[in-house]
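Structural overview
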Amino acid sequence: MKTAEAPKLILIADDQGFIRSLLVSMLRELGYRTLDAPDGHTALQQLAARPDVVILDHRMANMTGLEILQEIRCGRTGQPRDLPVLLLTGHADELDVSAFLSKPVSKMQIKARLDMVAKTPLSLRSPQTYAVVDVNRAEYVPAPRTTSNAWILKEEIFPPKAPYVTAAEMARRAGAA
């Protein structure tokens, strides 16, 4: 991110036109300038405008939000690797998403998330760490409430040979520890 102040230009990528226009409207009412993209490839092209924050839908045609995030975090877009990225979904991150937005998103929720990412520096891992994440196979489960409000990649919690354990079971186990 360019400065510690609130972001000025926000790129929104979502393949649902209604959601995209709703976000653009809310952000403009909040005083932000916006760019919007109907798909992942267009979003990658619009990164050349050097947005302060990117809001990506998790599942889009031709390129998912996670694939775009992977490109950013690996340093393959020409933008700062620590560019704040908000993922618009009910899923979560192994690629260091700056914040999550759950659909439907409210104006207050988006304002709070944007303020948060403007004030919170991102601690990045190496580009190689991000490059090996299989964004097409990733399945996410909610982290136990005792740890955070984030989501955790299933394979990271349990080795591939371990049986799948539900989020409720993980929370129960965390409470018993």
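Further up the page is the structure itself.
The five strands lie next to each other as β2-β1-β3-β4-β5, forming an open sheet whose pairing is parallel. Because the sheet does not close on itself, it has two edges, and the strands there are β2 (33-37) and β5 (99-101). Across the sheet, the mean angle from the axis of one strand to that of its neighbour is 20°, orientation sign disregarded. In the sheet, strand β3 (residues 53-57) pairs with strand β4 (residues 85-88) via four bridges, with the strands oriented parallel. Residue pairing across strands places Ile 55 opposite Leu 86, the latter belonging to β4. Contacts from helix α1 (residues 17-29) reach β1 (9-13), β2, β3 and β4, with the element oriented near 170° to β2. Docked against the sheet, helix α4 (residues 107-119) engages β1, β3, β4 and β5, running at close to 170° with respect to β5.

Right, let's talk about the pattern of salt bridges for a bit. This model, assessed by the stated rule, comprises four salt bridges. In this structure, the salt-bridge partner of Asp 36 is Arg 20, at a minimum N-O distance of 3.2 Å. Taken as a pair, Asp 36 in strand β2 and Arg 20 in helix α1 lie far apart in primary sequence, 16 residues in all. Given the relative accessible area of 33%, Asp 36 is considered partly exposed. Judged by its relative accessible area of 15%, Arg 20 falls in the buried class. Where Lys 107 meets Glu 29, a salt bridge forms, and the shortest distance between an N and an O atom there is 2.4 Å. Of this pair, Lys 107 sits in helix α4 while Glu 29 sits in helix α1; the two residues are 78 residues apart in sequence, bridging distant segments of the chain. Residue Glu 29 is classed as exposed on the basis of its relative accessible area, which comes to 53%.

Another aspect to go through is the pairing of β2. The pairing of β1 with β2 spans five bridges and is parallel. Of the residues in β2, the one forming a bridge with Leu 11 is Leu 35.

What counts and what doesn't
- Residues numbered from 1 in each chain as written.
- Predicted model: local features only at pLDDT ≥ 70, side-chain atom pairs only at ≥ 80, totals over all residues.
- Heavy atoms only, no water.
- Pairing = 2+ DSSP bridges.
- Helix = DSSP H or I, 4+ residues; strand = E, 2+ residues; numbered from the N terminus.
- Axes fitted to C-alpha atoms, helices over the stretch in contact; angles between N-to-C directions.
- Contact = heavy atoms within 4.5 Å.
- Salt bridge = Lys/Arg side-chain N within 4 Å of Asp/Glu carboxyl O.
- Buried < 20%, exposed > 50% of the residue type's maximum accessible area, 1.4 Å probe, protein only.

Worth remembering: the numbers are spatial, not functional.
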